[in-house]
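# Analysis of the macromolecular model
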Amino acid sequence: MDFRTACEETKTGICLLQDGNQEPFKVRLHLAKDILMIQEQDVICVSGEPFYSGERTVTIRRQTVGGFGLSIKGGAEHNIPVVISKISKEQRAELSGLLFIGDAILQINGINVRKCRHEEVIKKINRNFPVNQQIVYMGWCEAREQDPLQDRAYSPTFLALRGSCLYKFLAPPVTTWDWTRAEKTFSVYEIMCKILKDSDLLDQRKHCFTVQSESGEDLYFSVELDSDLAQWERAFQTATFLEVERIQCKTYACVLESHLMGLTIDFSTGFICFDGATKAVLWRYKFSQLKGSSDDGKSKIKFLFQNPDTKQIEAKELEFSNLFAVLHCIHSFFAAKVACLDPLFLGNQAAASAAPSSATTSKAKYTT
């Protein structure tokens, strides 16, 4: 673990401070050769100029499960540096003893991030995570309550897109354990996101979207700005694309004329229906051969495929116990297929995830 600083005599520590008017509270002391900095544990840097100009390089190895144990705020869009806003107890950042609340992140693995937006810094941090652990989005929104008789129609909700899942929290996750205690968790490729037009809004709030779960439940959310809505939409598309690209195929149990079958949705080959007992393939079609489909809203899907030789439409009906999950999964695979034809989208994904998944070390330069 490398730690280099411009001032070799720097010492740090935590102590209790009391000014006579209130109970003692924890502060961090940062003693250099010519300066003593006293910093409250929850202080966040709000100025474009650092209080203390010393720069140092810190190398941290992330935990096998979870991240570095820190939260960040700020970014070029706010005209302030990205700073460490919280350090989790007993996590890698705290255990290193080298990072502090209020530290401004200047470089990550040698890349200058002084003028980067918040989202760009997260992507650069995520480069050291395998795809199934990458955080694509985190942010507050307002969730519309299902019961219209409640006094409060909306309540604050924290959403996160991480790896294969969308997480719905009452408060932001801080520790690795927090990720296991989400209020709700959804597989990102088995849900459907819809950005609402003005004609679809339920009230005076604008910038709204819905998420339909794998069970068919509709969740209604509102964000503050149009830019927030655009950011969410891009993040959801990215998360879906990355997960479909990672899993490549998904198989669902189904029933055909009282016989147990399996339907595999394969990113490379398309649709494959096989016998559940013998595994013998009954039929297969490419994505391009699907010309239409319909469902009864309960369990049955009718697929309309075009025979490549006769050009005739062939109808195939299957019954599922998880109808909405299957419909949303098919939509996700089609969306990923379309995204593969968009050079701009692919360029953005390459920039976001072009790093070996085995990398576990992040070298960052900080200033306090």
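Above: the structure in question.
Heads up: these notes are all about the structure in this document. (Residues numbered from 1 in each chain as written. Predicted model: local features only at pLDDT ≥ 70, side-chain atom pairs only at ≥ 80, totals over all residues. Heavy atoms only, no water.)

A word on the overall build of the protein chain. Per the secondary structure count, the protein chain includes five helices and 24 strands. Across the 368 residues of the protein chain, 42% fall into the buried class. Contacts in the protein chain between residues at least 24 apart in sequence constitute 50% of all its contacts with a sequence separation of at least 6. Element-wise, carbon and sulfur atoms account for 52% of the exposed surface of the protein chain, whose accessible area totals about 20000 Å². (Helix = DSSP H or I, 4+ residues; strand = E, 2+ residues; numbered from the N terminus. Buried < 20%, exposed > 50% of the residue type's maximum accessible area, 1.4 Å probe, protein only. Contact = heavy atoms within 4.5 Å. Areas by Shrake-Rupley, 256 points an atom, 1.4 Å probe, with all protein chains shown as cover.)

Let's shift gears to unusual backbone geometry. Despite not being glycine, Glu 257 shows a phi value in the positive range, around 50°. Relative to the helices and strands, Glu 257 is located in the loop between β17 (249-256) and β18 (259-266). With relative accessibility at 70%, the residue Glu 257 sits in the exposed group.

This brings us to the side chain of Thr 240. Checked against the element boundaries, Thr 240 lands in helix α3 (residues 226-247). In this structure Thr 240 touches Val 188 and Ser 332, once residues within four positions along its chain are discounted.

This part is about α3. The end-to-end C-alpha distance of α3, which contains 22 residues, comes to 32 Å, matching closely the 32 Å that a straight helix rising 1.5 Å per residue would cover. Here α3 has its buried residues at Leu 229, Trp 232, Ala 235, Phe 236, Thr 238, Ala 239, Thr 240, Phe 241, Leu 242, Glu 243 and Val 244. Residue Gln 248 follows α3 closely and has a positive phi angle near 70°. (Expected span 1.5 Å × (residues − 1).)

Turning our eyes to something else, we now look at the sheet that holds strand β11 (residues 154-162). What the seven strands build is an open sheet, ordered β13-β12-β11-β10-β16-β15-β14; its pairing is antiparallel. Two strands bound the open sheet, and with one partner strand each, they are β13 (184-187) and β14 (192-195). Strand-to-strand twist of the sheet, defined as the mean angle between neighbouring strand axes without regard to direction, takes the value 30°. Contacts from α3 reach β10 (135-144), β11, β12 (165-169), β14 and β15 (208-212) within the one sheet, and its direction differs from that of β10 by about 130°. (Pairing = 2+ DSSP bridges. Axes fitted to C-alpha atoms, helices over the stretch in contact; angles between N-to-C directions.)

Before going further, it helps to spend a moment on the pattern of salt bridges. Under the defined criterion, the tally for this structure stands at five salt bridges. A salt bridge links Lys 168 to Glu 183; the nearest nitrogen and oxygen atoms lie 2.9 Å apart. Of the two residues, Lys 168 sits in strand β12 while Glu 183 sits in the loop between β12 and β13, which places them 15 residues apart along the sequence. (Salt bridge = Lys/Arg side-chain N within 4 Å of Asp/Glu carboxyl O.)

This part is about the environment of Ala 339. Mapped onto the elements, Ala 339 comes out in helix α4 (residues 323-339). Expressed as a C-alpha distance, the spacing of Ala 339 and Phe 241, which sit 98 residues apart in the sequence, is 7.6 Å.

Next up on the list: the environment of Gly 262. Mapped onto the elements of the fold, Gly 262 is located in strand β18. The exposure class assigned to Gly 262 is buried, which follows from its relative accessible area of 3%. Separated by ten residues in sequence, Gly 262 and Tyr 252 have C-alpha atoms that sit 5.7 Å apart. What Gly 262 contacts, discounting residues up to four positions off in sequence, is Tyr 252, Cys 254, Ile 272, Cys 273 and Phe 274.

Take the packing of aromatic side chains next. Under the definition given, this model contains 18 aromatic pairs. With a centroid separation of 5.0 Å and 80° between ring planes, the pair formed by Tyr 167 and Trp 179 is classed as edge-to-face. Note that Tyr 167 is positioned in strand β12 and Trp 179 in the loop between β12 and β13, a separation of twelve residues in sequence. In terms of burial, Tyr 167 and Trp 179 fall into one category: buried. Through a chain of ring-to-ring contacts, the aromatic side chains of Phe 271, Trp 283, Tyr 285, Phe 287, Phe 303, Phe 305 and Phe 334 assemble into a single cluster. When the ring centre of Tyr 220 is taken as reference, the NZ or CZ atom of Arg 144 above it lies at 6.0 Å. If you follow Arg 205 out to its NZ or CZ, it ends over the ring of Tyr 154, 3.8 Å from the centre. (Phe/Tyr/Trp six-rings, centres within 6.5 Å; stacked < 30°, edge-to-face > 60°. Lys NZ or Arg CZ within 6 Å of the ring centre and 35° of its normal.)

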